[in-house]
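Given next are the chains, with one letter for each unit.
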Amino acid sequence: MQIYLVGGAVRDRLLKRPIKDKDFVVVGATVAEMIDAGFQQVGADFPVFLHPTTHEEYALARTERKQGSGYKGFSVHASPDVSLEDDLRRRDLTINAMAIEVTSLTDDTPINGQVIDYYGGLQDLKDKTLRHVSSAFNEDPLRVLRTVRFYSRYYDLGFTIADDTLTLMRQLVDTGELAHLSAERIWQESSRATMQLSPQVYWQKLFEIGALTEYFAPLHHAWDNAHIRETVQTALYFAGQMQLNLSQRWALLMSSLNPSLFTSEPTDENVNAAANLKEINNIGNIAKVPKAHTQFANLFVQQAEKISAINSLSAAEKIDLIQACGAHKEPDKLSQLLVCSHVLQLATQHRQMMLALNSFHAIGMTDIAPDLKGPAIGAALRQSRIERLQAQQ
């Protein structure tokens, strides 16, 4: 019997990041031997056991074969003759397919600390690349979301997704396999990604590969508008930097569904409000978003325009806003709404100034008349930059 620390714990140990959970693979053991050692078996589909004192997961080495749709459509084979290499081959990414042998079932001290790496995880870790282990990657649609979640998690370290892995992800989306995922798993991955330091990366990548259309179709349609998409992505970036809570981040994402927040043109508030609430609620129902997050998002999207104009509200309007937000019962909720409003305004201002900066850099000497002299050069550059920015706004 040999026991190995595997997966995320090995990866994060090498990255020198906090290790949250430890998972182990046991090679050469039977179910009976694990139970005799005091381990508690959990799950009927494959042999995973909880350590009697630490409650960490120990799984018998296993292989899987695709038999149906979705992430549950697998037959599992676990026996003492399944090798560590066979077990690691079924994992999603190379950086998650490394192992370190430990002393015993009761002692997880590494024997020598040597990393066992059959599939190039160490090199991909060095190159900061998220790459699939094998073609079996496209048998499990959940891996699309997991890969993008890891992308958002390690984005600040400079990680990218390998081109061939992105190709497999797009193929999974195109086959409609994501429709077989449970809404609970969709939300589990999405909520974890949304709480990363760079949550915008998760949603942007899903949009790029067309993966939002199954459970988040209204968001996909809203993000066809580059103005809305870029502003909300920037807002999510600031939300991550400022450590906003999940309800606030979800509200900022759902603000995408209210176009009036991103335009100065007059709109029919009542019609928009009804349509916005319906779309937010539909996403909440389809993706199994906890009601507290959906309710907060509804409240923010409904009241965002008034909250952003607090300085110009009358006393009566402020009292009505307190009532509408329920702030007389939950003052903290008002504070959270105000922060969301400021973040969205900051994102709007940031996008506007980035457009101005891009226009400034886009115009050079080759874009103005060659015969200009002295102060006329600066004036011409300024005017050309202004005209370019006006055309983009």
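Relevant structure appears above.
Novice: Pulling in residues and values, what's your account of the pairing of strand 1 (residues 2–6)?
Specialist: For strand 1, the tally of buried residues reaches four of five residues, placing the bulk of the element in the interior. Of the strand pairs in this sheet, strand 1 and strand 8 (residues 98–104) are connected by four bridges, and their pairing is antiparallel. Looking at strand 8, one finds that Leu5 is bridged to Ile100.

Novice: Pulling in residues and values, what's your account of the side chain of Thr294?
Specialist: Counting through the fold element by element, Thr294 comes out in helix 13 (residues 291–308). The exposure class of Thr294 is buried, given its relative accessible area of 8%. Among residues more than four places away in sequence, those in contact with Thr294 are Trp250, Ile280, Asn281, Gly284 and Val289.

Novice: If you had to explain the pattern of salt bridges to someone new, which residues and values would you point to?
Specialist: One pass over the structure, following the stated rule, counts 14 salt bridges. Put simply, Arg89 and Asp86 hold a salt bridge, and the shortest N to O gap is 3.1 Å. Within this pair, Arg89 and its partner Asp86 are both found in helix 3 (residues 84–89), separated by three residues, close to a single helical turn. On the basis of relative accessibility, which here comes to 35%, the residue Arg89 falls in the partly exposed class. In this structure, the salt-bridge partner of Asp87 is Arg91, at a minimum N-O distance of 3.1 Å. One salt-bridge network, in which partners are shared between bridges, spans Arg11, Asp12 and Arg153.

Novice: Describe helix 10 (residues 226–241), and please don't skip the residues or the numbers.
Specialist: Compared with the 22 Å implied by 1.5 Å per residue over 16 residues, the 22 Å span of helix 10 between its first and last C-alpha is a close match. For helix 10, every residue scored as buried is listed here: Ile228, Arg229, Thr231, Val232, Gln233, Thr234, Ala235, Leu236, Phe238, Ala239 and Gly240. Buried residues belonging to helix 10 abut helix 8 (199–208), helix 9 (217–222), helix 11 (246–254) and helix 15 (331–362). Between a side-chain oxygen at the N-terminus of helix 10 and the backbone nitrogen of His227 the separation is 2.9 Å; the capping residue is Asn225. Following helix 10 by one or two positions, Gln243 adopts a phi angle in the positive range, close to 60 degrees.

Novice: Provide a residue-level description of a nonpolar patch on the surface, including the pertinent values.
Specialist: Together, Met353, Met354, Leu357 and Phe360 make up an exposed nonpolar region whose accessible area comes to about 380 Å². Topologically, Met353 is positioned in helix 15. On the accessibility criterion, Met353 (54% relative accessible area) is exposed.

Novice: Got a sec to walk through the nonpolar core? Specific residues and values, please.
Specialist: The biggest cluster of nonpolar side chains holds 92 residues, and the ones touching the most others in it are Trp203, Phe216, Trp250 and Leu252. Residue contributions to this core peak at seven residues, all from helix 13. Contact partners of Trp203, with chain neighbours within four places excluded, come to Ser190, Thr194, Leu212, Phe216, Leu219, Trp223, Leu236, Trp250 and Leu253. In terms of nonpolar packing, the next biggest core, distinct from the first, is built from 13 residues, Tyr4, Val25, Ala61 and Tyr119 among them.

Novice: Give me the lowdown on the state of the cysteines, citing residues and values where you can.
Specialist: Counting across every chain of the model gives zero disulfides. In this structure Cys325 is not part of a disulfide, and its nearest cysteine sulfur, from Cys340, lies 11 Å away. For Cys325, a relative accessible area of 3% translates into the label buried.

Novice: Any details on unusual backbone geometry? Residues and values, ideally.
Specialist: Positive phi, close to 60 degrees, is recorded for Lys128, a residue that is not glycine. Lys128 gets classed as partly exposed once you look at its relative accessible area, which sits at 36%. Positive phi outside glycine occurs at Lys288, with the angle close to 55 degrees. On the secondary structure map, Lys288 appears in the loop between helix 12 (269–286) and helix 13.

Each value, and the rule that gives it
- Residues numbered from 1 in each chain as written.
- Predicted model: local features only at pLDDT ≥ 70, side-chain atom pairs only at ≥ 80, totals over all residues.
- Heavy atoms only, no water.
- Buried < 20%, exposed > 50% of the residue type's maximum accessible area, 1.4 Å probe, protein only.
- Helix = DSSP H or I, 4+ residues; strand = E, 2+ residues; numbered from the N terminus.
- Pairing = 2+ DSSP bridges.
- Contact = heavy atoms within 4.5 Å.
- Salt bridge = Lys/Arg side-chain N within 4 Å of Asp/Glu carboxyl O.
- Expected span 1.5 Å × (residues − 1).
- Polar contact = N/O pair within 3.5 Å; in protein donor to acceptor, adjacent residues only side chain to side chain.
- Patch = residues over 30% accessible without salt bridge, like charges linked within 9 Å, V, L, I, M, F, W, Y side chains within 5 Å.
- Areas by Shrake-Rupley, 256 points an atom, 1.4 Å probe, with all protein chains shown as cover.
- Core = buried A, V, L, I, M, F, W, Y, C linked by side-chain atoms within 4.5 Å.
- Disulfide = S-S within 2.5 Å.

Geometric descriptors of this kind do not, in isolation, establish any biological role.
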